[in-house]
Amino acid sequence: MNKYNPDRMNPSSLRSRFTTRFLRNLSKIHAQKPSSSSSPAEIFRRYRRIKVAADKSMAYSVRSRRTWSRAMLWKLRTRPCSTSIRKTRHEKQNKNRTTTATTGEDRVGFGVEADELRELVPGGEAMDLCNLLHETAHYIKCLTTQVQVMKKIADFYSP
Amino acid sequence: MSGRRSRSKQSTVSRITDDQIADLVSKLQQLIPELRRRRFDKVSSSKVLQETCNYIRSLHREVEDLSDRLSQLLASTDSDSDQAAIIRSLLM
């Protein structure tokens, strides 16, 4: 089990890895736009691809060092199309009801909130409370990096 | 010595101590902007977890909004030759 060490987490190199990957994916998406690029359906399709690209870029930048990134990469690889994301969430809810991955000791006093957290963090349903808290901390750091970089890119392209 | 060893094995394998959990929860508290100001107050662990869930949800929403914004912006941009400039300004 990895000991939580904030010094080992280097946000600037994570940021540069994410930025490079995400920009590369963005230009791929941009290059593939058809001539009728401003129809709402096309914009929605592009929105989905950008969101998936952002999540994928972050998960790849973390690689398999974390349970949540491994879970997200697995999810992205096995279910690439947009409709199945709804299915995955439904399956996850069913899994939450039947999984017995956590012992009674772990969940004393944290039952409902921990389950909510398990739904939000990728791969959370299989984690015990200790791992869940580790993974959540790292996941939050990565999400904030993702948001910061995306904001800068959006500001850059804004008129 | 073997007694010490078996005791530490017990603490990581069969029983996660309350101190460990409290430590992790306080570390989480540092990351959440809402709760960072109240560092010296006693914030209950379930409140921390609740705020964590809210914070993650708001971050997800921000990602979705930014993706939406980017998809509209990309529609109107013609070339992405500025990419090198972006990378430089972001990583500076």
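Reading the values: rules and limits
Residues numbered from 1 in each chain as written. Chains lettered and ligands numbered in written order. Predicted model: local features only at pLDDT ≥ 70, side-chain atom pairs only at ≥ 80, totals over all residues. Heavy atoms only, no water. UniProt positions renumbered as here; feature names shortened; annotations may be inferred. Helix = DSSP H or I, 4+ residues; strand = E, 2+ residues; numbered from the N terminus. Buried < 20%, exposed > 50% of the residue type's maximum accessible area, 1.4 Å probe, protein only. Areas by Shrake-Rupley, 256 points an atom, 1.4 Å probe, with all protein chains shown as cover. Contact = heavy atoms within 4.5 Å. Buried area = accessible area lost by both parts, 1.4 Å probe. Salt bridge = Lys/Arg side-chain N within 4 Å of Asp/Glu carboxyl O.

- Going by an unreviewed UniProt entry, chain B carries the name kidari, paclobutrazol resistance 6 and comes from Hibiscus trionum.
- A UniProt comment under Subcellular location (unreviewed entry) is attached to chain B, and it reads "Nucleus".

- Chain A goes by ILI1 binding bHLH 1 in an unreviewed UniProt entry, where it is assigned to Hibiscus trionum.

**Observations concerning the overall build of chain B**
Stage number 1. Within chain B, the regular secondary structure consists of five helices and zero strands.
Stage number 2. For chain B, the sequential pattern of α-helices and β-strands runs α-α-α-α-α.
Stage number 3. By the burial criterion, 32% of the 92 residues in chain B qualify as buried.
Stage number 4. Surface exposure of chain B reaches about 6100 Å², of which carbon and sulfur atoms provide 47%.

**Quick notes on unusual backbone geometry**
Residues and elements named next belong to chain A.
Stage number 1. Even without glycine at this site, arginine 63 takes up a positive phi of about 60°.
Stage number 2. Within the fold, arginine 63 resides in the loop between α2 (40-62) and α3 (67-78).
Stage number 3. Judged by relative accessible area, arginine 63 falls into the partly exposed class, the value being 39%.

**Let's talk about the interface of chain A and chain B**
Stage number 1. The interface of chain A with chain B comprises 51 residues on the first partner and 45 residues on the second.
Stage number 2. Summed over both partners, the interface of chain A with chain B comes to about 4700 Å²; 76% of that surface belongs to carbon and sulfur atoms.
Stage number 3. Linking chain A to chain B there are three salt bridges.
Stage number 4. A:Asp155 is the salt-bridge partner of B:Arg69, the closest N and O atoms lying 2.9 Å from each other.

**Considerations on the pattern of salt bridges**
Stage number 1. What the rule picks out here adds up to eight salt bridges over all chains.
Stage number 2. The partner of A:Arg118 in a salt bridge is A:Asp115, with the nearest N and O atoms 3.3 Å apart. Pair noted here: A:Arg118 and A:Asp115 are both in helix α5 (residues 111-120), with a separation of three residues, about one helical turn.
Stage number 3. When its relative accessible area of 26% is taken as the criterion, A:Asp115 is described as partly exposed.
Stage number 4. For B:Glu62, the salt bridge goes to A:Lys151, with nearest N and O atoms at 3.4 Å. Separated into two different chains, B:Glu62 in helix α4 (residues 45-76) and A:Lys151 in helix α6 (residues 129-157) make up a pair that spans both.

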